[in-house]
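Summary of structural features
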Amino acid sequence: MNLDFSPVWEGWRALASGTLITIEITASALVLGCLLGLLIGLGRLNPKRTVIYGLCTTYLTLIRGTPLLVQLFILFFGLPHFGIQLPAYMCGIFGLGIYSAAYVSEIVRGSIQSVEKGQMEAARSLGLPHKLAMRKVILPQAFVRMIPALGNEFIALIKNSALVSLLTIADVMHEGEKIISVSYRSLEVYLAIAFIYLMLTSITTLILRRTEKVLRADGRV
Amino acid sequence: MGAAIIDIQNLSKSFGNHQVLHDITFSVQASQVIVVIGPSGSGKSTFLRCMNGLETAEGGTLRACGHTVVEQGRMMSEKNLDALRSEVGMVFQSFNLFPHLNVLHNITLAPMALRGKSRQEAEEHGLRLLDKVGLKHKAQVFPGTLSGGQKQRVAIARALAMEPKVMLFDEPTSALDPELVGEVLQVMKTLANEGMTMVIVTHEMGFAREVADVVVVMDQGAIVEAAPPAQLFTAPQEARTRRFLQNVLSRDAAPVL
Ligand SMILES: Nc1ncnc2c1ncn2[C@@H]1O[C@H](COP(=O)(O)OP(=O)(O)OP(=O)(O)O)[C@@H](O)[C@H]1O
Ligand SMILES: [Mg+2]
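Values in this document were obtained by computation on a predicted structure and should not be read as measured data.

1. Observations concerning the overall build of chain A
A count of helices and strands for chain A gives nine helices and zero strands. What you see in chain A, going N to C, is helices and strands ordered as α-α-α-α-α-α-α-α-α. Principal-axis analysis of the C-alpha atoms places the extent of chain A at approximately 70 × 50 × 25 Å. Counting across all 221 residues of chain A, residues that qualify as buried make up 44%. Once local pairs closer than 6 in sequence are excluded, the contacts in chain A between residues at least 24 apart make up 75%.

2. Considering the pattern of salt bridges
Applying the stated rule across the entire model yields 17 salt bridges over all chains. Across the salt bridge formed by Glu 78 of chain B and Arg 124 of chain A, the nearest N and O atoms sit 2.6 Å from each other. Placement of the pair is Glu 78 of chain B in helix H2 (residues 78-85) and Arg 124 of chain A in helix H6 (residues 117-125), with the two residues belonging to separate chains. A salt bridge links Arg 240 of chain B to Asp 219 of chain B; the shortest N-O distance between them is 3.4 Å.

3. Quick notes on the interface of chain B and chain A
Taken together, the contacts link 25 residues of chain B with 20 residues of chain A. Here chain B and chain A share an interface that buries about 1,900 Å² over both sides, 64% of which is from carbon and sulfur atoms. Counting every contact that joins chain B to chain A gives three salt bridges. On inspection of chain B and its partner chain A, the count reaches seven residue pairs in polar contact (both at pLDDT 80 or more). At the level of secondary structure, the elements contributing two or more residues to the side of chain B that touches chain A comprise H2, strand E7 (88-91), helix H3 (103-114) and helix H5 (148-160) of chain B.

4. Some words on empty space enclosed by the protein
Applying the stated criterion across every chain yields a total of one cavity of 30 Å³ or more. A volume near 40 Å³ is recorded for the largest cavity. Residue lining of the largest cavity: Ala 122, Ser 125 and Leu 126 of chain A together with Met 90, Phe 92, Ala 155, Arg 158 and Ala 159 of chain B, and that is the complete set. Where the lining of the largest cavity is concerned, the elements lending two or more residues are H6 of chain A together with H5 of chain B. The dominant element in the lining of the largest cavity, judged by the number of residues it contributes, is H5 of chain B, at three residues. Taken together, the residues of the lining of the largest cavity break down into six nonpolar, one polar and one charged.

5. Re the packing of helix H2 (residues 12-43) of chain A against helix H3 (residues 50-64) of chain A
Residues and elements named next belong to chain A. Two elements in contact, H2 and H3, have axes separated by 8 Å at closest approach and are oriented at 130 degrees. As summarised for this structure, H2 and H3 are arranged oblique, according to the angle between their axes. The chirality of how H2 crosses H3 is left-handed. Along its contact with H2, which presents Leu 36, Ile 40 and Gly 43, the element H3 presents Ile 52, Tyr 53, Cys 56 and Tyr 59. Considered class by class, the residues forming the contact of H2 with H3 number six nonpolar, one polar and no charged.

6. Considering the UniProt feature "domain: ABC transmembrane type-1" (unreviewed entry) in chain A
Per the UniProt annotation, the sites labelled "domain: ABC transmembrane type-1" (unreviewed entry) are residues 19-208 of chain A. End C-alpha atoms of residues 19-208 of chain A are separated by 20 Å, and the span's content is 81% helix alongside 0% strand.

7. Digging into the layout of surface pockets
Residue and element names in this part refer to chain A. Considered as a void within the structure, the largest pocket measures approximately 1,300 Å³ in volume. Lining the largest pocket are 29 residues; nearest its centre among them are Asn 46, Met 120, Arg 124, His 130 and Met 134. Looking at the lining of the largest pocket, the element that brings in the most residues is helix H7 (residues 130-160), giving six residues. Its residues assigned to classes, the lining of the largest pocket comprises eleven nonpolar, six polar and twelve charged. Its volume calculated, the second largest pocket comes out at about 510 Å³. Of all the elements in the fold, those that place two or more residues in the lining of the second largest pocket are H2, helix H5 (88-114), H7 and helix H9 (186-215).

Thresholds, definitions, all that
- Position numbers for residues count from 1 along each chain, tracking the sequence in the order it is written.
- As they are written, the chains are lettered A onward and the ligands numbered 1 onward, keeping that order.
- Local features in this predicted model are restricted to residues of pLDDT 70 or higher, and side-chain atom pairs are both shown and tallied only at a pLDDT of 80 or more, whereas totals for entire chains, interfaces and linings draw on every residue.
- To get the side-chain values, all heavy atoms of the structure are used, and hydrogens and water are removed first.
- Strands here mean DSSP runs of E at least two residues long; helices mean DSSP runs of H or I at least four residues long; both are numbered from the N terminus.
- Exposure classes here rest on a 1.4 Å probe applied to the protein chains alone. A residue is buried below 20% of its type maximum, exposed above 50%, and partly exposed in between.
- Contacts are residue-level and defined by heavy atoms, with any inter-residue pair within 4.5 Å sufficient.
- The salt bridge criterion pairs a side-chain nitrogen of Lys or Arg with a carboxyl oxygen of Asp or Glu, the two atoms within 4 Å.
- Buried area is understood as the total, over both parts, of accessible area removed when two parts are fitted together, assessed with a 1.4 Å probe.
- By the criterion applied in these results, polar contacts are pairs of N or O atoms within 3.5 Å in which, for protein atoms, one can donate a hydrogen and the other can accept it, and in which residues neighboring in sequence qualify only through two side-chain atoms.
- Points on a 1 Å grid, built from protein atoms alone, make a cavity when a 1.4 Å probe fits but cannot get out and make a pocket when they are open with protein on both sides within 12 Å along at least 5 of 7 lines; residues with an atom within 4 Å of a point are the lining residues.
- Grid points are joined across faces, edges and corners, and a volume is the space filled by probe spheres set on the points.
- For this scheme, ten residues count as nonpolar: Ala, Val, Leu, Ile, Met, Phe, Trp, Tyr, Cys and Pro. Four count as charged, namely Asp, Glu, Lys and Arg, and the remainder, Gly too, count as polar.
- With axes taken as lines fitted to C-alpha atoms, and helix axes fitted only over the stretch in contact, angles between N-to-C directions fall between 0 and 180 degrees.
- Each angle is binned into one of four classes, with values under 35 degrees roughly parallel, values over 145 roughly antiparallel, values of 65 to 115 roughly perpendicular, and all other values oblique.
- By definition, any crossing whose near helix is turned counterclockwise from its far helix by less than a right angle is left-handed, and any crossing with a clockwise turn is right-handed.
- UniProt positions are given in the numbering used here, feature names are shortened, and annotations may be inferred rather than shown by experiment.

The following block contains the structure:
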């Protein structure tokens, strides 16, 4: 077996621009997923508010119970039937963001519920209204506890983003496949792509570890 | 004695179908120190937590600091409860300091958010309160680095920062190592001497004897007896009080303070 990486070197510009697109899409989906996930997680804190709780639970069930690829195809091929034509790039961001939000929401809910009950009681006893207590006392503590699980979710998102290549988006996966189609060097190119994803996930892990360490300094929870 | 700060008429409270408070009638006058004692599960915490609306009652009437918290079994609105709570300080057994904020910010959070105080104003006041509880030098550290006694003193300062009309304490020294109990009781004594109105659930009988104006004995969700300590500890009227005191006093013969 002889490996020939020259198509990878020759196509480095395309791979680099694909990597940038992957980062852009993942980062945008991440922001969307976190915001949406926060709302849905908060919405599922109180089962007594049946409408909000019901809507959020339905969202969770639908998104977690179906494949991401199918969701992406519904956005990309399905929505145009209703006259909604989103650019592929947008479909990628929305699809990944919506998917990720479901998982983020469970992380948010779990870490909020892991903050001791006494914290909310102490805040309310000082006279802080519920929302303010949530924002000033509960969420900052919950956030630190979320980081490890959010990190795993970010990494899953980076890897899952390879699926958007199927929506004609020129991400690193897509660029790699274009190189393969002219060079027939599939093993080498896939190895190169795997390496690029590995770099992205490793850097993410590193940044998150640092962040958590800083946030946990000084004997804070 | 001045006007009643807390006035309770026929208060009842259940968790599900388990009735925890039975028809309690009691009032707290300005500057009074009330100590509540009684066996575990007798409803002391629940009684105390009703006074700042942390527990909802479904029978009777409870007025505190000019607010009608419960009227004929109906709770006041959440929003009015917030106003009430800002005038009632609460200190918990487990301190419940905010671990993500340093000591000073634990204290300034509520006054800045609710009283519209500037940071400078709130911090100056906070430092004075820390000085009062002997912890000015700890203003910048995080609660995780403090001893239990120090945590509880910060918690007291945090409650005082809202300039409450009454302070509620739920077993403030029960989670502390014995050698740290004294420093917290000392702070509470100072408050009592300054005329702070206080309701204190505690097992510290020495403290009750020394500081309380009225000692309330609770059992099975009802007030068994309420009397000044001199009377209650030397000549209890009720058999249940005698039995409880015997149990407690034989258990901790060790001196307090
Ligand atoms: N949140 C709750 N849900 C259901 N039952 C409760 C709840 N809180 C308290 N209880 C019950 O109410 C009764 C009174 O409890 P409470 O905590 O007021 O007693 P206490 O006198 O403070 O006891 P302790 O000395 O152990 O703190 C107990 O039987 C307890 O099991
Ligand atoms: Mg209790």
